[in-house]
Amino acid sequence: MADLKAGVNQLFLREEELRTGMELLFYAYREFTAEPDEILAEIGFGRAHHRVIYFVWRYPRITVSELLAILKITKQSLSRVLGELVRQGFIDQQTGARDRRQRLLELTEKGVELERQLSETQRQRIARAYRMAGAEAVEGFRKVMMGMLDEGDRAKFAPPVPPARLAVKR
């Protein structure tokens, strides 16, 4: 809380406001996951499967180690979920070219289709909320979400730093 400015109205830091924020996150998460949960349940999958499918789609050829670091779950938990997704044809595993121990993950066509189904309603929900809130509120929301992340994860979302321009002397 170091960068709070003296004199700024800090009523949003009262216990009730903090509790309301927490409650809103719970409700929003419930709504955000409801439709994908139904799709997953129909094929005997759960949220862990959804997270794996999402991040394998987002980062094609991601390694198992990288996926473990993102999800912060045990190898055993990932192995169970990943095994099911591979066996049922949603994810393809390939051995790394340089390191034969490395397993690179990619969605199959079947996996891409499932990811599209799972994410479509979520994209629509976020787009609707962004339109309702407006650009300034969206930027505020992003700042709040970034503030909730651990330092290491926050760095993943930092805006890219443009390369320094070389001074041209004439």
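Counting of residues starts from 1 at the beginning of each chain's written sequence and follows it residue by residue. For a predicted model such as this one, the threshold for reporting local features is a pLDDT of at least 70, and the threshold for listing and counting side-chain atom pairs is 80 or more; totals across whole chains, interfaces and linings nevertheless cover every residue. Calculation of side-chain values draws on the structure's entire complement of heavy atoms; hydrogens and water are dropped beforehand.

Draft legend 1. Inspection of the packing of aromatic side chains at higher detail. Working definition: rings of Phe, Tyr and Trp (its six-membered ring) pair if their centres are within 6.5 Å, and the pair is stacked with planes under 30 degrees apart, edge-to-face with planes over 60 apart, and tilted otherwise. This structure, assessed with the given rule, holds five aromatic pairs. The interplanar angle of 45° and the centroid separation of 6.2 Å between the aromatic rings of Y54 and W57 together place this pair among those described as tilted. Separated by three residues within a single helix, Y54 and W57 lie in helix α2 (residues 47-58), roughly one turn from each other. Relative accessibility thresholds used throughout: buried, under 20% of the residue-type maximum; exposed, over 50%; partly exposed, between the two (1.4 Å probe, protein chains only). With relative accessibility at 38%, the residue W57 sits in the partly exposed group. Counting every residue linked through ring pairs, the aromatic cluster contains Y54, F55, W57 and Y59. Under the DSSP-based scheme used, a helix requires at least four consecutive residues in state H or I and a strand at least two consecutive residues in state E, with every element numbered from the N terminus.

Draft legend 2. Quick peek at a nonpolar patch on the surface. Here the term patch refers to residues with relative accessible area over 30% and no salt bridge, with like charges joined within 9 Å and nonpolar side chains (Val, Leu, Ile, Met, Phe, Trp, Tyr) within 5 Å. Only the protein chains shown count as cover for residues, with accessible areas throughout obtained via the Shrake-Rupley method and a probe of 1.4 Å. We define a salt bridge as a contact between a side-chain nitrogen of Lys or Arg and a carboxyl oxygen of Asp or Glu at a distance within 4 Å. A surface patch of nonpolar side chains, about 630 Å² in accessible area, is lined by L25, I126, Y130, F141, V144, M145 and M148. Only α5 (109-133) and α6 (135-148) provide two or more residues apiece to the nonpolar patch. The element best represented in the nonpolar patch is α6, accounting for four residues. Mapped onto the fold, F141 is located in helix α6. Residue classification places F141 among the partly exposed residues on the basis of a relative accessible area of 42%.

Draft legend 3. Representation of the nonpolar core within the structure. Core analysis: the largest hydrophobic core is formed by 20 residues, its most contacted members being V52, V56, L67, L78, L85, I91 and L105. Those elements that place two or more of their residues in this core are α2, α3 (64-71), α4 (75-87), β3 (103-107) and α5. When sequence neighbours within four positions are dropped, the list of residues in contact with L85 reads F45, H49, V52, I53, F90 and I91. By nonpolar core we mean a set of buried residues, namely Ala, Val, Leu, Ile, Met, Phe, Trp, Tyr and Cys, connected to one another through side-chain atoms within 4.5 Å. Residues are treated as being in contact if the distance between any of their heavy atoms lies within 4.5 Å.

Draft legend 4. Highlighting the sheet that holds β3. Strand order in this open sheet of three strands is β1-β3-β2, and the pairing throughout is antiparallel. Unpaired on one side and paired on the other, β1 (62-63) and β2 (91-95) mark the two borders of the sheet. Two strands are said to pair when DSSP picks up at least two bridges between them. Bridging between β1 and β3 involves two bridges; their strand directions are antiparallel. Bridge pairing links I62 to L105 in β3. The strands touched by α2 within the sheet are β1, β2 and β3, with β3 carrying the most contacts at an inclination of about 95°. Helix axes are fitted only over the stretch in contact, all axes being lines through C-alpha atoms; the angle between N-to-C directions runs from 0 to 180 degrees. Across the sheet, α4 lies against β2 and β3, angled at about 105° from β2, the strand it touches most.

Draft legend 5. Quick look at the side chain of E115. Along the polypeptide, E115 turns up in helix α5. Only four residue types enter the tally: Lys and Arg on the positive side, Asp and Glu on the negative side; His and the chain ends are excluded. Buried within the structure, E115 lacks any salt-bridge partner; its nearest side chain of opposite charge belongs to R123, at an N-O separation of 4.5 Å. A polar contact of 2.5 Å, which involves the side chain of E115, links it to the side chain of S119. Filtering out sequence-adjacent residues up to four positions away, E115 remains in contact with I53, Y54, W57 and L107. Definition of a polar contact: a pair of N or O atoms within 3.5 Å, with one able to donate and the other able to accept a hydrogen when the atoms are protein atoms, and with sequence-neighbouring residues admitted only if both atoms are side-chain atoms.

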